[in-house]
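# What the coordinates show
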Amino acid sequence: MKEEFLAGRNDLCPCGSGLKYKRCCMLHQTAHDLSVAELYLKNYRIKLKTANDIVGIKKAGKLVVDTLRLAEEFVRPGITTNDINNLVHDYTIKNGARPAPLNYRGFPKSVCTSVNEVICHGIPCDRVLVEGDIINVDVTSVLDEYYADANMTFFVGECNADAHKIVSIARESLKRGLSVVKPDNTIGDIGYMIQQYAEGEGASVVREFIGHGIGKSFHEPPDIPHFGRQHSGITLVPGMVFTIEPMVNSGKRFLRVLEDQWTAVTRDSSLSAQFEQTIVVTENGYESLTPYEL
Ligand code: MF3
Ligand code: CO
Ligand code: CO
């Protein structure tokens, strides 16, 4: 590869046109030896996806969203998080897929169920849901070798205004992050949009857990922080597949992980909510591979 590929977006284009790289060969990938796919792999270890890969991830994604809808119907006061685990596990297997969380780095169950002050990675157990709880259900399925990852936060019966507020902020945070996903914008633009909005609403954004590339593995480059600076980080290009999954707290952003080594809770016991989708960057913007209305 030519060293000039390390040119930054605002540097002069190595082709000698006198234009900035981002206004010239960066747009067209002409005059260069390596394809964008080869560059992103070499420089960032990002595997851009083929049209075939997208079809595969989308199939897994449809199952994930169907599973979340099933869980949504099932959630009510009196059930346990283990009941949700069994529902998700059985439905995933019945549809010829595998629940990715099960035995992932020692995770003992098939889905993450995170109630109230639990930020993420809640382990299903015999905890009984009660009226007024909020619960995030995070489903990742592997179908024909392809992973898709999405989550939603649900209300258990009637919930108070604080619960409605944080769930609404989490939903809108994902929406705002998605709104800037298009080629030429950067990963930093996504985090910037989320952080500006959520903090402006008086909520805080978790830093320790971030979105991630996904494809034939659960977590792959790039990292997608839900905070950051405009124009910073890697430039988005078509074929990048990753999750955006902002976790927002009604109190401070700090967390603690319980003895089980998984359950992340807010330090101040404030409520936390999250929504997640898996998306692909397209020529004009993005397409959700786990689409649901936000
Ligand atoms: N689904 C989570 C994510 O959004 C990861 C869960 S890892 C597990 O990245 F082991 F807890 F399942
Ligand atoms: Co994820
Ligand atoms: Co997830």
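Computed from a predicted model, the values in this text were never measured in an experiment. (Residues numbered from 1 in each chain as written. Chains lettered and ligands numbered in written order. Predicted model: local features only at pLDDT ≥ 70, side-chain atom pairs only at ≥ 80, totals over all residues.)

### Details of the overall build of the protein
Counting its secondary structure elements, the protein contains 6 helices and 15 strands. On the principal axes, the C-alpha backbone points of the protein span a range of 70 × 45 × 35 Å. A buried classification covers 45% of the 294 residues belonging to the protein. Counting contacts in the protein only where the partners sit at least 6 residues apart, residues at least 24 apart contribute 67% of the total. (Helix = DSSP H or I, 4+ residues; strand = E, 2+ residues; numbered from the N terminus. Buried ≥ 20, exposed ≤ 12 C-beta atoms within 10 Å, placed from the backbone. Contact = placed C-beta atoms within 7 Å.)

### Looking at the pairing of strand S5 (residues 146-155)
Of all 10 residues in S5, 9 are buried; the element is thus mostly enclosed. Taken together, the 10 bridges between strand S4 (residues 134-143) and S5 define a ladder with antiparallel strand orientation. Of the residues in S5, the one forming a bridge with Asn-136 is Thr-153. Between S4 and S5, which pair antiparallel one after the other, the connecting turn spans 2 residues, and Asp-144 there sits at a positive phi close to 45°. (Pairing = 2+ DSSP bridges.)

### Some thoughts on the packing of helix H5 (residues 161-179) against helix H6 (residues 187-200)
Close contact between H5 and H6 brings their axes to 8 Å; oriented N to C, the two are set at 150°. The way H5 lies across H6 gives a crossing that is right-handed. Of the residues in H6, those touching H5 at Ile-169, Glu-172, Ser-173, Arg-176, Gly-177 and Ser-179 are Ile-190, Met-193, Ile-194, Tyr-197 and Ala-198. For the contact of H5 with H6, the class distribution of residues is 6 nonpolar, 3 polar and 2 charged. (Axes fitted to C-alpha atoms, helices over the stretch in contact; angles between N-to-C directions. Left-handed = near helix turned anticlockwise from the far one by under 90°. Nonpolar A, V, L, I, M, F, W, Y, C, P; charged D, E, K, R; others polar.)

### Quick look at the sheet that holds strand S6 (residues 204-205)
Across the sheet, which stays open at both edges, the 3 strands sit in the order S6-S10-S13 with antiparallel pairing between neighbours. With partners counted over all chains shown, the strands left at the sheet margins are S6 and strand S13 (272-274), one partner each. Pairing analysis gives 3 bridges linking strand S10 (residues 247-249) to S13, with the strands arranged antiparallel. Counterpart to Met-247 in the pairing with S13 is Gln-274.

### Structural notes on the sheet that holds strand S11 (residues 255-257)
With antiparallel pairing, the 3 strands of this open sheet are ordered in space as S3-S12-S11. Either end of the sheet is taken by a strand with one partner, and the two such strands are strand S3 (118-120) and S11. Pairs of neighbouring strands in the sheet enclose a mean axial angle of 40°, with direction left out of account. Relative to strand S12 (residues 264-266), S3 runs antiparallel, the two being bridged by 2 bridges. Paired with Cys-120 across the bridge in S12 is Ala-264.

### Here we look at the nonpolar core
The biggest cluster of nonpolar side chains holds 72 residues, and the ones touching the most others in it are Ala-60, Val-137, Ile-166 and Val-248. Of all the elements, helix H3 (residues 51-74) adds the most residues to this core, at 7 residues. (Core = buried A, V, L, I, M, F, W, Y, C linked by C-beta atoms within 7 Å.)

### A word on the site of ligand 1
Taken together, Pro-101, Tyr-104, Arg-105, Phe-107, Cys-112, His-121, Asp-138, Thr-140, Asp-149, Thr-243, Glu-245 and Glu-276 make up the full set of residues adjacent to ligand 1. Looking at the shell around ligand 1, its residues break down into 4 nonpolar, 3 polar and 5 charged. (Near = placed C-beta within 6 Å.)

### As for the domain arrangement of the protein
Along its sequence, the protein is organised into domain 1 (3-34) and domain 2 (51-288). The centre of domain 1, based on its C-alpha atoms, is set 36 Å off from the matching centre of domain 2. (Domains from an automatic or database assignment.)

### Looking at the environment of Leu-48
Checked against the element boundaries, Leu-48 lands in the loop between helix H2 (36-44) and H3. Each C-alpha atom, one on Leu-48 and one on Tyr-21, is 21 Å from the other, the two residues being 27 residues apart in sequence. The contacts of Leu-48, once residues within four sequence positions are left out, are Val-36, Ala-37, Tyr-40, Val-237, Gly-239 and Met-240.

### Brief notes about the confidence of the model for the protein
Per-residue pLDDT for the protein averages 95, and the proportion of residues at 70 or more is 95%. Confidence over residues 1-5 falls short of pLDDT 50; this stretch has 9 contacts with residues more than four positions distant or in other chains. (pLDDT = per-residue confidence, 0-100.)

### Looking at the environment of Trp-262
On the secondary structure map, Trp-262 appears in the loop between S11 and S12. When near neighbours in sequence (up to four residues on either side) are disregarded, Trp-262 contacts Phe-107, His-121 and Ile-123.

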